[in-house]
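Okay, here's what each chain looks like letter by letter:
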There are 2 protein chains.
Amino acid sequence: MKKFINHVDTLLDESLRGFAKANADLVAVSFEPRFVRRKRPSPDKVAVISGGGAGHEPLHTGFVGQGMLDAACPGQIFTSPTPDQMLAAAQSVAGEAGVVFIVKNYAGDVMNFEIAAEMLDCPSETVLVQDDIALPKEHEIGRRGVAGTLIVEKIVGAAAEEGADLRSLKALGDRVAGRIASIGVALSGCNVPALGGPTFDLPPDKIEFGVGIHGEHGREIVEFASATEIVKTMVEAIDEELHPRRGQKALLHVNGLGATTSMELHLVYELAHEFWSQAGIDICRSLVGNYTTALDMAGCSITLALLDDELIRLWDAPVHTPALRWGI
Amino acid sequence: MKKFINHVDTLLDESLRGFAKANADLVAVSFEPRFVRRKRPSPDKVAVISGGGAGHEPLHTGFVGQGMLDAACPGQIFTSPTPDQMLAAAQSVAGEAGVVFIVKNYAGDVMNFEIAAEMLDCPSETVLVQDDIALPKEHEIGRRGVAGTLIVEKIVGAAAEEGADLRSLKALGDRVAGRIASIGVALSGCNVPALGGPTFDLPPDKIEFGVGIHGEHGREIVEFASATEIVKTMVEAIDEELHPRRGQKALLHVNGLGATTSMELHLVYELAHEFWSQAGIDICRSLVGNYTTALDMAGCSITLALLDDELIRLWDAPVHTPALRWGI
């Protein structure tokens, strides 16, 4: 496995050092314990904090900044961050107004954010993101959080910036998280440095439908097919979940998992847009690119988020982070 | 080769349709002939136009918008656009103030932009970008234009937005282009849809030093090595070209070629930053990410651009395009 790397054990910190320097106008990075925070914290507002294993960049560190996250805690690659990271991050940015933790639904993340919340001496709430519809709703550990997470972070972050209180932010976060569905498809596994190779192998004529962002098994391994056929299956799965009605406004997010070209992502966007437009859905907001990656996996996910006027206003609100910038 | 694709012949247009919809607030796309232009042209200023083969996205179409390009002409993948595309693009955005064409130095691009310039009934100038130092300066067809191109587009675009005239923009573009050097390294070839496979194969222990953005052969195939060693060789090659002095202000751009993770790109940035900082170079501006890709090639390039106060001001000027946004 060829990668730009010195040593598996130093990759994360060396990379974070580069990230800190490349974005020195926006963020500051702590290394012991590891977290990224806004360069200029705003302790009067509720702090919005997320985190999770590294390897999904720009999620979450790339979303720290005005209008979105106050801090983010990166674990090692595909490994939950620890409670001391979350606690230190919270202490560095939060005041009496408290903290909203936005947590992707993975056992380690959930447990560690819970421990951190208990140790924290200011009020906190947790918004759990479970947008990956690959698993059934009644799955024993629940559904995974994937590319829809950034939408929750953007919208809750915007409301926090406007001064919303902890209770409203928790309610808003839960409401948004309940209106988002995502499904991913892998054309290949991803190469994890600590493994020295791919997480899984797919035959040349197969794809993994419903793959997770760590290469977890999805719904099923299916035949490779045309983009139109693949996208149709993805859109239909989301449709069955959200049942959007004619005239429903929505955000369509096509996310690259790492090694898929911009041309392909825009093709997937075009096809998904076409399907939903024909069903009378008003795709009024868009995001296409690599935002929630699975290292160098070839593949993509489609996310649909049902919007209303309030959510559109919050999505459009100014944001100034390393990976998302507008209105400022 | 698994790709999200319907047919090789329709990929570009289907993808452009998605690009047009996802960025409908910023750009308009013409299909016969193919070009992307600002949604709201500003015919009173000099128009800045670029173009080249597709497969390098977001270059150039992603850089159309306020403060950067007025239009861009995508050819088929790795294929020059035709003079009628450039002519139609120019006619749709340019007025009496004229056109600056920013052209990467490839024979087909150069020839076709030249033909378009001759057919145009307004004044025009061409800025040739040859930032790839893989080939010697005295190479018979000259050096290739690669990731440094977007820096020329950003700076000339900003000056055009401020109302600079054609002659000044040509002089500015030539000056910037003369202060930029890039070098790329490939860990793998890229998969070209029309070929149905990779442009070249590299053994597991080799990398291509000085690779071009279409997978052209570079300086030499060398042993795979640690990130520190690879980056050191890249930085030294650029140093030998530009001879930056202590105290020199510079923009450091680390560009992903398609399939390289954000963690690795930031690691490369960190190492290059460290080398130059120790040499007393003031890395005062940064850009890290996939901006000039070679489809799904694993690899990256490092670009150094020597700045002065005027160039810093123009780099910092507001820009609002699909792929670069700040200050607006």
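Everything numeric in this text was worked out from a predicted model, so none of it was measured.

J.: Would you mind going over helix H7 (residues 262–278) of chain B in detail, with residue names and values included?
T.: Residues and elements named next belong to chain B. With 17 residues, H7 extends 24 Å from end C-alpha to end C-alpha; this agrees with the ideal 24 Å at 1.5 Å per step. In terms of burial, H7 is largely enclosed, as 12 of its 17 residues are buried. Along H7, the residues classified as buried are Met263, Glu264, Leu265, His266, Leu267, Val268, Tyr269, Glu270, Leu271, Ala272, His273 and Trp276. Looking one or two residues beyond H7, the residue adopting positive phi is Gly280, at roughly 85°.

J.: Account for the layout of surface pockets, with residues named and values stated.
T.: If you add up the space inside the second largest pocket, you get close to 980 Å³. Lining the second largest pocket are 34 residues, and of these Ser188, Asn191 and Asp296 of chain A together with Ser188 and Asn191 of chain B lie nearest its centre. For the lining of the second largest pocket, the per-class residue count stands at 16 nonpolar, 8 polar and 10 charged.

J.: So what's going on with the pattern of salt bridges? Which residues, and what values?
T.: Residue and element names in this part refer to chain B. Enumeration according to the criterion identifies 38 salt bridges over all chains in this entry. For the salt bridge of Arg38 with Glu161, the shortest nitrogen-to-oxygen distance reads 2.9 Å. Of this pair, Arg38 sits in strand E2 (residues 34–38) while Glu161 sits in helix H4 (residues 149–161), placing them 123 residues apart in sequence.

J.: An account of the relation of the copies chain B and chain A is requested, with residue identities and associated values reported.
T.: Placing chain B over chain A gives an RMSD of 0.0 Å and needs a rotation angle of 180°, together with 0.0 Å of translation along the axis. Taken together, the rotation and translation describe the operation of a two-fold axis. By C-alpha distance to the rotation axis, the residue of chain B lying nearest is Ala259 of chain B, at 2.0 Å. In this assembly the copies share their binding face: 100% of the residues contributing to the interface of chain B also contribute to that of chain A.

J.: Lay out the nonpolar core with the relevant residues and their values.
T.: Core analysis: the biggest nonpolar cluster contains 204 residues, and Trp276 and Ile302 of chain A together with Leu150, Trp276 and Ile302 of chain B have the highest contact counts within it. Listed in part, the 20 residues of the second largest apolar core include Cys73, Met86, Ala89 and Val99 of chain B.

J.: Describe the interface of chain B and chain A, listing the residues and the values that go with them.
T.: Each side of the interface is counted separately: chain B has 58 residues, and chain A has 58 residues. For the pair chain B and chain A, the summed buried surface comes to about 4,500 Å²; carbon and sulfur atoms form 64% of the total. Considering only the surface of chain B that becomes buried against chain A, Lys2, Phe4 and Met263 of chain B emerge as the three largest contributors, covering 23% of it. In this structure, the connection of chain B to chain A is made through 6 salt bridges. With a closest N to O distance of 3.6 Å, Glu264 of chain B and Lys3 of chain A form a salt bridge. The tally of links from chain B across to chain A stands at 22 residue pairs in polar contact (both at pLDDT 80 or more). Of all the elements, H7 of chain B adds the most residues to the side of chain B that touches chain A, at 11 residues. Of the residues assigned to the side of chain B that touches chain A, the class counts are 29 nonpolar, 17 polar and 12 charged.

J.: Can you explain the packing of aromatic side chains? Please cite residues and give values.
T.: All names here are of chain A. One pass over the full model with this rule turns up 4 aromatic pairs over all chains. Taking the centre distance of 5.4 Å and the plane angle of 50° together, the rings of Trp315 and Trp326 count as tilted. Of this pair, Trp315 sits in helix H8 (residues 309–316) while Trp326 sits in strand E16 (residues 325–326), and the two are 11 residues apart along the sequence. Residues Trp315 and Trp326 agree in their burial class; the two are buried. Positioned above the aromatic ring of Phe31, the side-chain terminus of Arg17 is 4.3 Å from the ring centre.

J.: Would you mind going over the sheet that holds strand E1 (residues 27–31) of chain B in detail, with residue names and values included?
T.: Residue and element names in this part refer to chain B. The strand order across the open sheet built from 6 strands is E1-E2-E4-E3-E5-E6, with neighbouring strands paired in mixed fashion. In this open sheet, the two strands that pair with only one neighbour each are E1 and strand E6 (124–129). For this sheet the average axis-to-axis angle between neighbouring strands, irrespective of direction, equals 20°. Examined bridge by bridge, strand E3 (residues 47–54) and strand E4 (residues 71–77) share 6 bridges and lie parallel to one another. What sits directly across from Ser50, in E4, is Ala72. Packing against the sheet, H4 makes contact with E2, E3, strand E5 (99–104) and E6, and its axis sits at approximately 175° to E5. Here helix H5 (residues 166–177) sits on the sheet in contact with E5 and E6, set at roughly 5° to E6.

Thresholds applied
Residues numbered from 1 in each chain as written. Chains lettered and ligands numbered in written order. Predicted model: local features only at pLDDT ≥ 70, side-chain atom pairs only at ≥ 80, totals over all residues. Heavy atoms only, no water. Helix = DSSP H or I, 4+ residues; strand = E, 2+ residues; numbered from the N terminus. Expected span 1.5 Å × (residues − 1). Buried < 20%, exposed > 50% of the residue type's maximum accessible area, 1.4 Å probe, protein only. 1 Å grid on protein atoms, 1.4 Å probe; cavity = no way out; pocket = protein on both sides within 12 Å on 5 of 7 lines; lining within 4 Å. Points joined across faces, edges and corners; volume = space filled by probe spheres on them. Nonpolar A, V, L, I, M, F, W, Y, C, P; charged D, E, K, R; others polar. Salt bridge = Lys/Arg side-chain N within 4 Å of Asp/Glu carboxyl O. Least-squares fit on C-alpha atoms with pLDDT ≥ 70 in both. Contact = heavy atoms within 4.5 Å. Core = buried A, V, L, I, M, F, W, Y, C linked by side-chain atoms within 4.5 Å. Buried area = accessible area lost by both parts, 1.4 Å probe. Polar contact = N/O pair within 3.5 Å; in protein donor to acceptor, adjacent residues only side chain to side chain. Phe/Tyr/Trp six-rings, centres within 6.5 Å; stacked < 30°, edge-to-face > 60°. Lys NZ or Arg CZ within 6 Å of the ring centre and 35° of its normal. Pairing = 2+ DSSP bridges. Axes fitted to C-alpha atoms, helices over the stretch in contact; angles between N-to-C directions.

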